[in-house]
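Results of the structural survey
As a plain string of letters, each chain reads:
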Amino acid sequence: MGASLQKTILIVEDEQDILQLIKLYLEKEGFRTATAMNGVEALKKVKEDKPALIVLDLMLPELDGLEVCKRLRSVPETALLPIIMLTAKAEESDTVIGLELGADDYVAKPFSPKALVARIKALLRRLERTPVEKTGLYHYGPVTMDTTRHEVRLGNDEVPLTAKEFGLLEHLLRYPGRVLTRDILLNAVWGYDYYGTTRTVDVHVRRLKQKLPPLDAAIVSVKSLGYKLKHTVDET
Ligand code: CA
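Below or above, wherever it landed, is the structure these notes cover. (Residues numbered from 1 in each chain as written. Predicted model: local features only at pLDDT ≥ 70, side-chain atom pairs only at ≥ 80, totals over all residues. Heavy atoms only, no water.)

For the rest of this paragraph, the subject is the nonpolar core. Among soluble globular proteins, nonpolar side chains are generally buried collectively. One finds Leu169 and Leu215 to be the most contacted residues of the largest nonpolar core, which totals 28 residues. Put simply, the parts of the chain that give this core at least two residues each are strand 6 (137–140), strand 7 (143–146), helix 7 (163–174), helix 8 (182–190), helix 9 (199–211) and strand 12 (226–229). Residues within four places of leucine 169 in sequence aside, it is in contact with Met145, Val152, Leu161, Leu208, Leu212 and Leu215. The next biggest cluster of nonpolar side chains, apart from the first, holds 19 residues, and it includes Leu56, Leu60, Leu63 and Met85. (Core = buried A, V, L, I, M, F, W, Y, C linked by side-chain atoms within 4.5 Å. Buried < 20%, exposed > 50% of the residue type's maximum accessible area, 1.4 Å probe, protein only. Helix = DSSP H or I, 4+ residues; strand = E, 2+ residues; numbered from the N terminus. Contact = heavy atoms within 4.5 Å.)

In structure tokens form, the structure reads like this:
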């Protein structure tokens, strides 16, 4: 309980029984809940209820879960909204697509509500960890970034980065495991008044990978959306 008390979880599920079951368990754990039974309603509820996390069923009427996910990821206000997708076992390829489109985690049906709640709590905990802000230091495998000294090191060697490469790396390191769209990165690093194309981001990511080879496999391209830095170096 405690910290979870004020958080609203939006549950999007068109099967009433499952919806009510998840709602019951989450409320028992002290969460506030909002519900939607189709994709269009889900997008509306995100705006109205400002949820801390969404439990999003894959198969939905109106707009399906993938489309909802894609739309949420492509606007700055919801680009980092945590999403746990519910999938059926038979839809495993969709699960992969779901993660590629930016879901943070998925739970396959049938699932135990208890396990789902545990996953929700784990994801919220994981995303709340921002220990870096104070020290200005990021560590990722052999890569160290010191934002106060404006320094990036690979092992002991300093790697010179341009200001944009530095900004890009800082943004990726700040949100490991999250899908960052090209627009989000462009706005964060180049600013809203920048008139370049989103391909600029691709070029700079490529250069960043060349300068820091351990990041080559760690920064993954996410279909048409953007990039994700794996949560840890070893994550598969
Ligand atoms: Ca469904």
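Moving on from the coordinates now.
The next point concerns the sheet that holds strand 2 (residues 32–36). Taking strand neighbours across the sheet as the criterion, the five strands line up as 2-1-3-4-5 in an open arrangement whose pairing is parallel. If you trace the sheet from one side to the other, it starts and ends with strand 2 and strand 5 (105–109), each paired once. Between one strand and the next, the sheet's axes are offset by a mean angle of 20°, whatever the strand orientation. When strand 3 (residues 53–57) meets strand 4 (residues 83–88), the two strands line up parallel, connected through four bridges. Paired with leucine 56 across the strands is methionine 85, a residue of strand 4. This element, helix 1 (residues 16–28), spans strand 1 (8–12), strand 2, strand 3, strand 4 and strand 5 of the sheet and lies at about 165° to strand 2. Its contacts with the sheet put helix 3 (residues 65–73) on strand 3 and strand 4, and the angle it makes with strand 4 is roughly 165°. (Pairing = 2+ DSSP bridges. Axes fitted to C-alpha atoms, helices over the stretch in contact; angles between N-to-C directions.)

A few words on the coordination of the calcium ion. Around the calcium ion, the donor atoms from the protein are Asp14 (OD), Asp57 (OD) and Met59 (O), and they sit 2.1 to 2.3 Å away. Donor residues for the calcium ion sit on one chain with the sequence pattern D-x42-D-x1-M. One end of the pair, aspartate 14, is in the loop between strand 1 and helix 1; the other, aspartate 57, is in strand 3, and 43 residues separate them in sequence. Its relative accessible area of 3% is what places aspartate 57 among the buried residues. (Donors = N, O, S within 2.8 Å, 3.2 Å for Na, K, Ca; no water.)

Our focus in this paragraph is the packing of helix 2 (residues 39–49) against helix 3. Packing of helix 2 against helix 3 leaves a shortest axis separation of 9 Å and a crossing angle of 30°. Considered as vectors, helix 2 and helix 3 are oriented roughly parallel to each other. Crossing handedness for the pair helix 2 and helix 3: right-handed. Within the contact between the two elements, helix 2 uses Gly39, Ala42, Leu43 and Val46 and helix 3 uses Val68, Arg71 and Leu72. (Parallel < 35°, antiparallel > 145°, perpendicular 65-115°, else oblique. Left-handed = near helix turned anticlockwise from the far one by under 90°.)

We now examine the pattern of salt bridges. Charged atoms that come close allow side chains of opposite charge to pair. A complete count under the given rule lists 17 salt bridges for this structure. The salt bridge involving glutamate 41 is made with lysine 45; its shortest N-O contact spans 3.8 Å. One end of the pair is glutamate 41 and the other is lysine 45, both in helix 2 and four residues apart, which spans about a single turn. Glutamate 41 sits in the partly exposed class, given a relative accessible area of 26%. Taking the shortest distance from any N to any O, the salt bridge between aspartate 202 and arginine 199 comes out at 2.6 Å. (Salt bridge = Lys/Arg side-chain N within 4 Å of Asp/Glu carboxyl O.)

What follows covers the pairing of strand 4. With respect to burial, strand 4 is a largely interior element, five of its six residues being buried. For the segment spanning strand 3, helix 3 and strand 4, crossover handedness is right-handed. Here strand 4 pairs with strand 5 via five bridges, running parallel. In the strand pairing of strand 5, alanine 88 is matched with lysine 109. (Right-handed = clockwise from strand over helix to strand, strands pointing away.)

This brings us to the side chain of lysine 209. Residue placement: lysine 209 occurs in helix 9. Taking relative accessible area as the criterion, lysine 209 reaches 18% and is therefore assigned buried. Leaving out residues up to four positions away in the same chain, lysine 209 has contacts with Leu215, Asp216 and Ile219.

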